[in-house]
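The chain contents come next:
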Amino acid sequence: MSAPPVYLDSHATTPVDPRVLERMLPFFTERFGNASSRSHPYGWEADEAVETAREQVASLVGAKLREIIFTSGATESNNLALRGVAALRGRGHIISATTEHKAILDPLRRLEREGFRVSWVPVASDGLLDPESVRAAIADDTILISIMAANNEIGVLPPVAAVGAIARERGVLFHTDAVQAAGKVPFDVEAAGVDLASFSAHKMYGPKGVGALYVRRRKPKLDLVPLMDGGGQERGLRPGTLNVPGIVGFGAAAEICHDEMPAESVRIGALRDRLLHGLRERLPNIHVNGSMTARLPQNLNTAFPDIEGEALLMGLRTLAVSSGSACTSTSVEPSHVLKAIGLSDELARASLRFGLSRFTTPAEIEYAIETVADLVGKLRELAPR
Ligand SMILES: *Cc1c(COP(=O)(O)O)cnc(C)c1O
């Protein structure tokens, strides 16, 4: 059997940190209680573990304990935020951006079909939006702005704090999909000026199937309408028996990210820079997609002009990378994010997204440089001029 490919697709998912798994395991077996059971220690123990995790997640993002609602992941968190505000207000206008994740685009498209108006703010060629274009889009009946905190394809960090200040000034609710930012770069709900923020455990070395929504409780207190009705868990906003092991893992993952972020982001950023410089040494004419300054240290996204895009991924069997976002990789459509920053279909298809992680090694980066440079060099020789 051949060795598994080198994993450089951490925006799609990250492995569970072994330290996280270790803390989760007892909650599958001997500490299996239902956190809603009030009459015996099994329930008390599970509830206590959930509240510890809530504190760990809240502390990572500067939230109060009761402002964190556990969900099944960020897709649910986004839907709860967007549909929850829409149902609360009943009608109106929403502002978002063209480069958002599918888990924002699709719920907003459904709301559009249901009669809400949505303005899609464009981004510049560096992938960043101008906060003033958000201000210009605000109408008398604008009920919500949703702008992501870090892009999952090109890693750019939109000016959320500036958008938050505008939203606050105009009295409009502000949601951010902070999945790719949380645990990787400093993100604080107060500094960002958000009323709602979505998080996912499996993008930060926690388990899949668990996430959170931050819901502001003060100035203003937000009374979201839930997506489901049931047992009243999570202040009635997200009923259903809590995924205790998953939540414990999410909390542990948040705590580790909180503690290790300063050193980790420097180390991973240096590896990412080495990847870019190594590719540039070997290959003339590489285009970096998105700003290199306002960017996650874990991300590189490059376009390789003068090659057949399809051949690129096909030839990279020993590297696990992505040519677009994981959620669109089943279709052959070029990435909507790369198109939004002005790439041709051809150049978008000839792009690669590299997602580095806590577990990425210098040797893996050297391997990636060699492998990509060799292949792109070969494809360029083959390409008709
Ligand atoms: C992965 C991702 C999501 C979806 O999160 P799940 O927990 O997998 O549902 C949403 N938004 C962004 C930006 C993501 O990267």
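Please read all numbers here as calculations on a predicted model, not as lab measurements.

Time to look at the overall build of the protein. The secondary structure content of the protein amounts to 12 helices and 12 strands. The globule rule puts the C-alpha radius of gyration for 385 residues at 21 Å, and the 21 Å found for the protein is close to it. When the backbone C-alpha atoms are referred to their principal axes, the protein occupies close to 70 × 55 × 35 Å. A burial count over the protein gives 56% of its 385 residues as buried. In the protein, of all internal contacts separated by at least 6 residues, the share reaching a separation of at least 24 is 74%. Approximately 16200 Å² of the protein is accessible, and the part contributed by carbon and sulfur atoms is 55%. Averaging the positions of the 42 positive and the 46 negative side-chain charges in the protein gives two centres separated by 3 Å.

So, about a nonpolar patch on the surface. The grouping of Val16, Leu21, Leu25 and Phe28 at the surface amounts to a nonpolar patch, some 340 Å² of accessible area in total. Considering the arrangement of structural elements, one finds Phe28 in the loop between helix H1 (18-24) and helix H2 (41-61).

What follows is about the pattern of salt bridges. What the rule picks out here adds up to 26 salt bridges. The partner of Arg216 in a salt bridge is Glu190, and the shortest N-O contact between them spans 3.5 Å. Pair noted here: Arg216 is in the loop between strand E8 (211-215) and helix H8 (244-282) and Glu190 is in helix H7 (residues 189-192), with a separation of 26 residues, a long-range link. Judged by its relative accessible area of 4%, Arg216 is buried. Glu190 gets classed as partly exposed once you look at its relative accessible area, which sits at 40%. The closest approach of N and O atoms between Arg282 and Asp374, which form a salt bridge, is 2.7 Å. On the criterion of sequence distance, the pair formed by Arg282 in helix H8 and Asp374 in helix H12 (residues 362-382) is long-range, its members being 92 residues apart. Looking at Asp374, the relative accessible area reads 39%, which means it is partly exposed. Taken together, the shared-partner salt bridges connect Asp17, Arg19, Glu260, Glu264 and Arg358 into one network.

Adjacent strands of a sheet pair through backbone hydrogen bonds, lying either parallel or antiparallel. Pairing in this open sheet of three strands is antiparallel, and the strands run E9-E10-E12 from one edge to the other. Strand pairing shows two members of the sheet lacking a second neighbour, strand E9 (287-288) and strand E12 (351-355), which therefore form its edges. Across five bridges, strand E10 (residues 299-303) lies against E12 in antiparallel orientation. Paired with Asn299 across the two strands is Gly355, which belongs to E12.

This next bit is on the side chain of Thr14. Tracing the backbone through its elements, the reader meets Thr14 in the loop between strand E1 (6-7) and H1. Using a relative accessible area of 2% as the deciding quantity, one classes Thr14 as buried. For Thr14, the side chain forms a polar contact with the main-chain oxygen of His202, separated by 2.8 Å. A distance of 2.8 Å separates a polar atom in the side chain of Thr14 from the backbone nitrogen of Tyr205.

Okay, the environment of Gly211 next. Turning to its location among the elements, Gly211 is positioned in strand E8. Exposure remark for Gly211: the relative accessible area of 0% places this residue in the buried category. Through-space distance from the C-alpha of Gly211 to that of Phe199 is 5.4 Å; in sequence the pair is 12 residues apart.

This part covers the site of the ligand. The local shell around the ligand consists of Gly73, Ala74, Thr75, His101, Met148, Asn152, Asp177, Val179, Gln180, Ser200, His202 and Lys203. Within the side chain of Gln180, a nitrogen or oxygen atom sits 2.7 Å from an oxygen atom of the ligand. For the ligand, whose free accessible area comes to 380 Å², the fraction covered by protein is 89%. Along the lines of polarity and charge, the residues of the shell around the ligand split into three nonpolar, seven polar and two charged.

This brings us to the pairing of strand E3 (residues 93-97). When you tally the buried positions in E3, you get five out of five residues, the bulk of the element. Here E3 runs beside strand E4 (residues 117-121); their pairing, made up of five bridges, is parallel. In the strand pairing of E4, Ala97 is matched with Val121. Crossover handedness for the path E3 to helix H4 (residues 102-113) to E4: right-handed.

Let us look at the packing of aromatic side chains. For the structure on display, the rule yields four aromatic pairs. Ring plane angle 35° and centroid distance 5.2 Å describe the contact between Phe32 and Tyr42, whose orientation is recorded as tilted. With Phe32 in the loop between H1 and H2 and Tyr42 in helix H2, this residue pair connects regions lying 10 residues apart in the sequence. According to the relative accessible area criterion, Tyr42 is partly exposed, its value standing at 42%. Ring centres of Phe70 and Phe250 lie 6.1 Å apart, and the angle between their planes is 65°; on these two criteria the pair is classed as edge-to-face. Of the two residues, Phe70 is situated in strand E2 (residues 68-71) and Phe250 in helix H8; the sequence distance between them amounts to 180 residues.

We now examine the pairing of strand E7 (residues 196-200). Most of E7 is tucked away, with five of its five residues classed as buried. As defined by bridge partners, strand E6 (residues 173-177) adjoins E7 across three bridges and the pair is classed as parallel. Among the inter-strand pairings, His175 is bridged to a residue of E7, identified as Leu196. Where E7 lies against E8, five bridges are found, and the strand directions are antiparallel. Considered in E8, the bridge of Leu196 is made with Val215.

Cut-off values and rules
- Residues numbered from 1 in each chain as written.
- Predicted model: local features only at pLDDT ≥ 70, side-chain atom pairs only at ≥ 80, totals over all residues.
- Heavy atoms only, no water.
- Helix = DSSP H or I, 4+ residues; strand = E, 2+ residues; numbered from the N terminus.
- Rg over C-alpha atoms; globule rule 2.2 N^0.38 Å.
- Buried < 20%, exposed > 50% of the residue type's maximum accessible area, 1.4 Å probe, protein only.
- Contact = heavy atoms within 4.5 Å.
- Areas by Shrake-Rupley, 256 points an atom, 1.4 Å probe, with all protein chains shown as cover.
- Lys, Arg positive; Asp, Glu negative; His and termini not counted.
- Charge placed at Lys NZ, Arg CZ, Asp CG, Glu CD.
- Patch = residues over 30% accessible without salt bridge, like charges linked within 9 Å, V, L, I, M, F, W, Y side chains within 5 Å.
- Salt bridge = Lys/Arg side-chain N within 4 Å of Asp/Glu carboxyl O.
- Pairing = 2+ DSSP bridges.
- Polar contact = N/O pair within 3.5 Å; in protein donor to acceptor, adjacent residues only side chain to side chain.
- Near = heavy atom within 4 Å.
- Nonpolar A, V, L, I, M, F, W, Y, C, P; charged D, E, K, R; others polar.
- Right-handed = clockwise from strand over helix to strand, strands pointing away.
- Phe/Tyr/Trp six-rings, centres within 6.5 Å; stacked < 30°, edge-to-face > 60°.

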